[in-house]
Amino acid sequence: MKDDRNQKNDNNTPLLVLVFFLTLGVIAGGIYFVSKLTGYLNEVQTVFLQEADTENGTDAADAGENNADADIDADETAGTETGTDAAAGTDVSPETETAAGTDVSTDTNINTDEASGASGESGSTDTDNKSGDENEKDASSDTGKTQRGSFGQDETLDIVSVVTKTMPSVVAITNLSVQEVSYMYRGTAEVESVSSGTGIIIGENDTELLIATNYHVVEDAVSLTVCFWADISDEEDLLAEAALKGINESADLAVIAVELDEISDEVLGQVYAATLGSSAALTIGEPAIAIGNALGYGQSVTYGIISALNRSIEVDGVTGNYIQTDAAINAGNSGGALLNAAGEVIGINSAKVSASGVEGMGYAIPIDDARPVLEELMGRETRERADEETRGYLGIDTQDISSETRELYDIPEGVYVSRVESGSPAEDAGLKQGDIISALDGISVLTSDGFSNLMEYYSAGETVEIEIYRANKGSYTAKTLSVTFSEQPEEGGQGQRSTPPFGGMTPSW
């Protein structure tokens with residue numbers, strides 16, 4: 001029995017050997033087939049990549065020597081990478097940020113054409129391909145240009161061109177004011193306060209350089225100092241004293257003036273008026289560049305887009321239509337320029353939303369709204385603050401009118417006269433309790449503080465016109481009165497006062 005089983009095993013041995021070699025043959029054939037198929041696919045992929053390189057202006061021979069991953073990386077770098085300085089062959093320091101709403105360094109090493117920057121197009125520059133290919137592109141061709149309202153692969157170059165062109169037209173403003181602070185049980189005290197803002201050079205006359213800014217930037221100013229943007233040897237020459245040319249509180253606009261004789265020839269040779277564009281032509285999503293004196297550190301740049309148009313918001317009790325942008329508008333940016341990609345001023349930065357959970361909501365006065373106001377202010381007489389001893393006296397108390405009260409009773413904009421002192425210049429001019437003062441010497445007033453600030457620029461003996469509205473059988477009639485200011489009363493006499501809407505007296509003015 002044992003021998004029979006051994007004999008059967010011996011008979012099966014050749015069959016097992018045959019199956020074994022057949023299996024090896026099938027495996028070897030499969031490996032060969034897979035290797036041939038892989039080689040064919042690689043050849044096809046190389047052909048496609050070489051064709052893509054040829055379409056992008058690369059050297060087909062060099063592209064064929066690189067592996068597939070290198071070729072793909074080259075295509076992405078040469079044809080699809082946008083918004084980065086690396087693709088443009090630019091040296092960018094680690095501190096330079098170009099994301100929307102962040103500071104942009106103007107020291108980036110890019111050769112720009114200022115003339116093409118003025119038209120919203122980038123100048124020509126050499127572009128290096130980071131994939132290792134030695135190909136060159138003509139950046140002055142159509143693919144290297146970015147028109148206003150569009151984004152291109154050289155958009156950072158456009159920002160630098162715009163900033164280089166516009167920065168000399170923007171000044172930093174420092175406002176030194178004196179605030180009266182009330183202390184419980186200790187009366188009041190005058191405290192000096194320093195605030196920062198921005199201005200835009202908009203023109204000049206025979207003797208002055210004229211600068212536009214916000215009213216709230218120059219409000220309550222005892223002195224105003226501007227700092228120009230220029231490359232000069234003595235930095236002290238960048239500073240100059242400014243005087244008030246004209247204000248419009250309701251529009252939140254002002255024009256200040258610097259005597260040309262107070263500006264060095266070196267600075268005058270480098271600064272110039274900004275180009276005013278049109279806010280009517282704006283479209284949502286187009287680039288927006290903000291230049292301002294952020295936090296009082298000097299001129300700086302932020303970048304974003306036009307987020308919305310005709311935004312109706314209330315600022316300090318005044319409702320107006322604004323341009324909304326996500327370019328960062330920080331404290332000190334007020335009065336600065338909001339620019340389009342052509343370097344034209346399209347708005348005057350004025351406000352931002354500061355609330356928890358809110359980011360990138362800045363607002364600018366549309367330049368089409370600001371232009372007629374600024375033109376009127378530019379033609380006014382430049383005034384210095386009058387000394388306290390010679391400052392004019394009117395003899396009234398005034399009260400602010402809240403926007404709710406104004407809407408409820410259909411009251412015109414202005415300040416409410418709550419008291420007229422007997423025998424005062426106000427009474428002699430015909431002012432009465434209940435009148436609404438809308439303008440002094442042609443300058444609109446909206447708040448008691450604004451009226452008080454304006455009065456500080458007039459001396460005793462001056463005669464000006466006061467525009468009022470007087471209640472008349474349920475409506476208001478406009479009148480113009482002529483008043484001559486008197487000298488300030490002796491200490492202890494009743495002075496001019498402003499009363500807040502909900503009671504409590506402010507110091508005399």
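## Considering the overall build of the protein chain
So, point 1. Counting its regular elements, the protein chain contains 11 helices and 19 strands.
So, point 2. When each of the 509 residues of the protein chain is scored for burial, the buried share is 43%.
So, point 3. Sequence-distant contacts, at least 24 apart, represent 63% of the contacts inside the protein chain between residues at least 6 apart.
So, point 4. Total accessible area computed for the protein chain in this model is approximately 26400 Å², and 48% of it derives from carbon and sulfur atoms.

## A short note on the pairing of strand E9 (residues 318-325)
So, point 1. Counting buried residues along E9, six of its eight residues qualify, which places the element largely inside the surrounding structure.
So, point 2. Relative to strand E12 (residues 362-366), E9 is paired through three bridges, and the arrangement is antiparallel. Bridging from a neighbouring strand, Ile-323 pairs with Ala-364 of E12.

## Thoughts on helix H8 (residues 367-378)
So, point 1. If you check H8, its first and last C-alpha atoms are 15 Å apart, about what 12 residues at 1.5 Å a residue would give, namely 16 Å.
So, point 2. Among the residues of H8, those classed as buried are Ile-367, Ala-370, Val-373, Leu-374 and Leu-377. Down the axis of H8, the buried side of the element spans an arc of 130°, and every buried residue falls inside it.

## So, the nonpolar core
So, point 1. In this structure, Val-226, Phe-228, Ile-256, Leu-394, Ile-437 and Leu-440 are the most contacted members of the largest nonpolar core, which totals 48 residues.
So, point 2. At four residues, strand E5 (residues 239-248) tops the list of elements feeding residues into this core.
So, point 3. If near-sequence neighbours (up to four positions away) are discounted, Ile-256 is found in contact with Ile-173, Leu-209, Leu-210, Ile-211, Val-218, Leu-224, Val-226, Ala-242, Ala-243, Leu-244 and Lys-245.

## Describing the sheet that holds strand E8 (residues 300-315)
So, point 1. The sheet built from six strands closes into a barrel, its strands ordered E7-E8-E9-E12-E11-E10 with antiparallel pairing. The mean angle between the axes of side-by-side strands here comes to 50°, regardless of whether they run parallel or antiparallel.

## Description of the pairing of strand E14 (residues 415-420)
The two faces of the sheet receive side chains in turn, since in a regular strand these alternate between them.
So, point 1. Two strands pair when backbone bridges link them, and strand E13 (residues 396-399) and E14 are joined in this way by four bridges, in the antiparallel orientation. Within the sheet, the bridge partner assigned to Gln-399 lies in E14 and is Tyr-416.
So, point 2. Here two bridges tie E14 to strand E15 (residues 436-440), and the two strands are oriented antiparallel to one another. Directly across from Tyr-416, in E15, lies its bridge partner Ile-436.

## What to know about a nonpolar patch on the surface
So, point 1. The grouping of Leu-15, Leu-18, Val-19 and Leu-22 at the surface amounts to a nonpolar patch, some 390 Å² of accessible area in total.
So, point 2. Examined against the element boundaries, Leu-18 turns out to sit in helix H1 (residues 2-55).
So, point 3. According to the relative accessible area criterion, Leu-18 is partly exposed, its value standing at 48%.

## Regarding the pattern of salt bridges
So, point 1. With the rule as written, the count across this model stands at nine salt bridges.
So, point 2. One salt bridge connects Arg-380 with Asp-441, and the closest N-O pair in it is separated by 3.6 Å. Of this pair, Arg-380 sits in the loop between H8 and E13 while Asp-441 sits in the loop between E15 and strand E16 (443-444), and the two are 61 residues apart along the sequence.
So, point 3. Judged by its relative accessible area of 16%, Arg-380 is buried.
So, point 4. The class for Asp-441 is partly exposed, based on a relative accessible area of 24%.
So, point 5. Among the ionic pairs, Asp-397 bridges to Arg-419, the shortest N-O distance being 2.7 Å. Of this pair, Asp-397 sits in strand E13 while Arg-419 sits in strand E14, and the two are 22 residues apart along the sequence. Taken as a pair, Asp-397 and Arg-419 share a single burial class, namely buried.
So, point 6. In the salt-bridge network here, residues are joined through shared partners; they are Glu-376, Arg-380 and Asp-441.

## Examining the packing of aromatic side chains
So, point 1. Inspection of every chain in the model, using the stated rule, returns two aromatic pairs.
So, point 2. Residues Tyr-322 and Tyr-363 carry aromatic rings whose centres are separated by 6.4 Å and whose planes lie at 80° to one another, so their mutual orientation is edge-to-face. Of this pair, Tyr-322 sits in strand E9 while Tyr-363 sits in strand E12, and the two are 41 residues apart along the sequence. Summarising the burial analysis for this pair, Tyr-322 and Tyr-363 share the class buried.

## Let's talk about the side chain of Asn-248
So, point 1. Inspection of the secondary structure assignment puts Asn-248 in strand E5.
So, point 2. A relative accessible area of 14% means that Asn-248 is categorised as buried.

## A word on unusual backbone geometry
So, point 1. A positive phi angle is found at Asp-252, which is not glycine, with a value near 55°.
So, point 2. Note that Asp-252 resides in the loop between E5 and strand E6 (253-259).

## So, the confidence of the model for the protein chain
When pLDDT drops low, the exact placement of atoms in the prediction is not to be read closely.
So, point 1. Per-residue pLDDT for the protein chain averages 75, and the proportion of residues at 70 or more is 68%.
So, point 2. The low-confidence segment residues 56-157, where pLDDT is below 50, has 156 contacts with residues more than four positions distant or belonging to other chains.

## Here's the deal with a negative patch on the surface
So, point 1. There is a patch of like negative charges on the surface, built from Asp-231, Asp-234, Glu-235, Glu-236, Asp-237 and Glu-266.
So, point 2. With respect to the element layout, Glu-235 can be found in the loop between strand E4 (221-227) and E5.
So, point 3. With a relative accessible area of 62%, Glu-235 lands in the exposed category.

## Brief notes about the environment of Leu-176
So, point 1. Its location among the elements puts Leu-176 in strand E1 (residues 170-183).
So, point 2. Residue Leu-176 is classed as partly exposed on the basis of its relative accessible area of 26%.
So, point 3. Placed 45 residues apart in sequence, Leu-176 and Ala-221 show a C-alpha to C-alpha distance of 5.7 Å.
So, point 4. Setting aside anything within four residues of it in sequence, one finds Leu-176 in contact with Glu-192, Ser-193, Val-194, Asp-220, Ala-221, Val-222 and Ser-223.

## Structural notes on the environment of Ser-278
So, point 1. Along the chain, Ser-278 turns up in the loop between helix H7 (265-268) and strand E7 (287-292).
So, point 2. Considered as a pair, Ser-278 and Ile-367 are 89 residues apart in the sequence and their alpha carbons are 6.4 Å apart.
So, point 3. Residues within four places of Ser-278 in sequence aside, it is in contact with Ile-346, Ile-367 and Asp-368.

Reading the values: the criteria
- Residues numbered from 1 in each chain as written.
- Predicted model: local features only at pLDDT ≥ 70, side-chain atom pairs only at ≥ 80, totals over all residues.
- Heavy atoms only, no water.
- Helix = DSSP H or I, 4+ residues; strand = E, 2+ residues; numbered from the N terminus.
- Buried < 20%, exposed > 50% of the residue type's maximum accessible area, 1.4 Å probe, protein only.
- Contact = heavy atoms within 4.5 Å.
- Areas by Shrake-Rupley, 256 points an atom, 1.4 Å probe, with all protein chains shown as cover.
- Pairing = 2+ DSSP bridges.
- Expected span 1.5 Å × (residues − 1).
- Arc of directions from axis to C-beta.
- Core = buried A, V, L, I, M, F, W, Y, C linked by side-chain atoms within 4.5 Å.
- Axes fitted to C-alpha atoms, helices over the stretch in contact; angles between N-to-C directions.
- Patch = residues over 30% accessible without salt bridge, like charges linked within 9 Å, V, L, I, M, F, W, Y side chains within 5 Å.
- Salt bridge = Lys/Arg side-chain N within 4 Å of Asp/Glu carboxyl O.
- Phe/Tyr/Trp six-rings, centres within 6.5 Å; stacked < 30°, edge-to-face > 60°.
- pLDDT = per-residue confidence, 0-100.
- Lys, Arg positive; Asp, Glu negative; His and termini not counted.
- Charge placed at Lys NZ, Arg CZ, Asp CG, Glu CD.

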